[in-house]
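# Close look at the chain arrangement
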Amino acid sequence: MTLFTRRGLLKTAAIAGIGGVGIPAIGRLGGWAAAAPEPVVLQTAKIQTKLMDGGLTRDVLTYGNAGTPPVLRMKKGEPFAARLVNAIDDPTTIHWHGIRVPNKMDGVPFLVQPYVYTGDHFDYAFTPPDAGTFWYHPHCNTLEQMGHGLTGVIVVESPGDPKFDAEFVLNLRDWRLGDDAQFIDQFRPRDAARTGTYGTVRTANWLDQPQYDAPAGGLVRLRVAITDVTRIYAFRVDGAEATVIALDGNPVPERFSPDALLLGPGQRMELAIRMPDEEGAIVSLRDVRGTKPKILANLRATGGSLKRDVRDIAPLEANPVKEVDLAAAQHISLALSATAENVPSDVICGSLGYSFWAINKVPWPGDTPDPTAPLAELKLGKSYVIDMENLTPQSHPMHLHGMSFKVLSSSTRPVQPLISDTYLIQPNEKVQLGFVADNPGDWLLHCHIIEHQKSGMTSYVRVV
Ligand code: C2O
Ligand code: CU
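In what follows, the accompanying structure is described. Here the structure is a predicted model, which means the values were calculated and not measured.

Parameters at a glance
Starting from 1, residues in each chain are numbered consecutively following that chain's sequence as written. Following the order in which they are written, the chains are lettered starting with A and the ligands numbered starting with 1. Given that the model is predicted, a residue must reach a pLDDT of at least 70 before its local features are reported, and side-chain atom pairs must reach 80 or more before they are shown or counted; all residues, however, enter totals for whole chains, interfaces and linings. Side-chain descriptors were evaluated using all non-hydrogen atoms of the structure, hydrogens and water having been removed beforehand. A helix here means a DSSP run of H or I that spans at least four residues, while a strand means a run of E at least two residues long, and both kinds are numbered starting from the N terminus. Values of the radius of gyration come from C-alpha atoms, whereas the globule rule sets the reference at 2.2 Å times the count of residues to the power 0.38. The rule is simple: take the accessible area with a 1.4 Å probe, protein chains only, and divide by the maximum for that residue type; under 20% is buried, over 50% is exposed, in between is partly exposed. Should any heavy atoms of two residues lie within 4.5 Å, those residues are considered in contact. The accessible surface values rely on the Shrake-Rupley method and a 1.4 Å probe; as for residues, cover is taken only from the protein chains in view. In this tally Asp and Glu are treated as negative and Lys and Arg as positive; neither His nor the chain ends contributes. A charged residue contributes its charge at one atom only: NZ of Lys, CZ of Arg, CG of Asp or CD of Glu. Whether two strands pair depends on DSSP finding at least two bridges between them. Interaxial angles span 0 to 180 degrees and are taken between N-to-C directions of axes, which are lines fitted to C-alpha atoms, for helices over the stretch in contact. Metal coordination here is assigned from N, O and S atoms located within 2.8 Å of the ion, or within 3.2 Å for Na, K and Ca; omission of water means that sites may look incomplete.

### Focus on the overall build of the chain
A count of helical and extended segments in the chain gives five helices and 30 strands. A compact globule built from 464 residues should have a C-alpha radius of gyration of about 23 Å, and the chain, at 22 Å, falls within 12% of that. In terms of its C-alpha atoms, the chain occupies a principal-axis envelope of roughly 60 × 60 × 55 Å. Burial analysis of the chain (464 residues in total) assigns 57% to the buried set. Within the chain, contacts between residues separated by at least 24 positions form 75% of all contacts whose residues are at least 6 apart in sequence. A total accessible area of about 18700 Å² is found for the chain, and carbon and sulfur atoms account for 53% of it. When the 44 basic and 50 acidic side-chain charges of the chain are each reduced to a single mean position, those positions are 2 Å apart.

Here's what the structure looks like:
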């Protein structure tokens, strides 16, 4: 791949920024500088790196070429631009999970953009409206590409962010590797029809149980994103006082302890952790779900105590998400079910060759040139409530693109009115998710357990 020059990039960004309006006059140049920032180059790469004892793992996919997963920083309300350069031998795109971008920037092949072939590029440009923790990943051949590592966390900063003494970002994921540290089959059909196929090696920032230093007695902001294709986590923090301050890119209405908090693929949490006073003390973030609990990462207290108090952290600013009008809202019923059909189809963006799942009885793997009809056609600016029912014995992290919803009620548990983009629906649960259809376009709605997504549990809504 040839590298782009700084000047070449500036030019491209400028063109993207003005949306193809004529030939630039000199006078425009000043305007461009403000409107179109220099794009970040996100070049897909195949690298080898160490993920477990036993050798380097080949065919790891990432953006850039560092041996650590990338973290992208943006600023709330300020234009952002990125050029995706595809240097792997598979078509790809980028989806900005949780960021309310214009439809054309959403990265779903066929529905909103062509996929980007090997050697080609695509320019993304948008202004993130919300501050918080988000992430990005391909939306083509997702099981293979994400399974091999192609994900990054996004931090959208705001000048109004409260001050912490330290901040860490954790990208949580598993890898399906054999004893020789090389990739094995990404999925087993019988597991895809159940909870999804788990990885064999578990990591945080591609490391087994990394440890980071943080000031004793200080306040830490820990941003955690689950980028795994399958695993649902139940979190616990040992050794310190910890509180959840944000979920899925939005502040929580009321802070609470993370103990036993369940989050699925695609979801994010932000914790405020008050480090112990004593130098050398260890704070552990654990996953306590299932039969093999695991320490995900440790923080070690260093230096003399800063003697801070969690209650000193100012509330996070709410994001500008429109309030759903419940009295006027129209309801959309949505039933998640298994399907008996088996419809192998071969498409470029990666069919698994099976249908196991359906939304309102329609199985669709998504990202195909022949989409099904939209689940519903919504009127721009109107309020809607999705009445979602899970008729399966599995949990599903259901993700809506392009718009944030508010969790209104659940049939099985008390819920906070969280603003979110991904809801982990439990077996036999019915949940109501309200939102204003304020972003025009076709927006995917799918399970983020990628085997479920790619074997039928995908649909979309159309906002016109
Ligand atoms: Cu995070 Cu449609 O995806
Ligand atoms: Cu699912």
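Picking up where we left off.
### Some details on the sheet that holds strand β22 (residues 376–378)
One open sheet holds the five strands; their spatial order is β22-β30-β29-β24-β27, and the pairing between them is mixed. A strand with exactly one partner marks an edge of an open sheet, and here the two such strands are β22 and β27 (422–425). For this sheet the average axis-to-axis angle between neighbouring strands, irrespective of direction, equals 20 degrees. Pairing between β22 and strand β30 (residues 458–463): three bridges, direction parallel. Bridge pairing in β30 links L378 to V463.

### Looking at the coordination of the copper ion (ligand 2)
The protein atoms that coordinate the copper ion (ligand 2) are H396 (ND1), C447 (SG) and H452 (ND1), at distances of 2.0 to 2.1 Å. In primary sequence terms, the donor set of the copper ion (ligand 2) follows H-x50-C-x4-H. Residue H396 is found in strand β24 (residues 396–400), and its partner C447 is found in strand β29 (residues 441–447); the two are separated by 51 residues along the sequence. Assessed through its relative accessible area of 0%, H396 is described here as buried. Assessed through its relative accessible area of 0%, C447 is described here as buried.

Remember, this is a structural readout, not a statement about activity or role.
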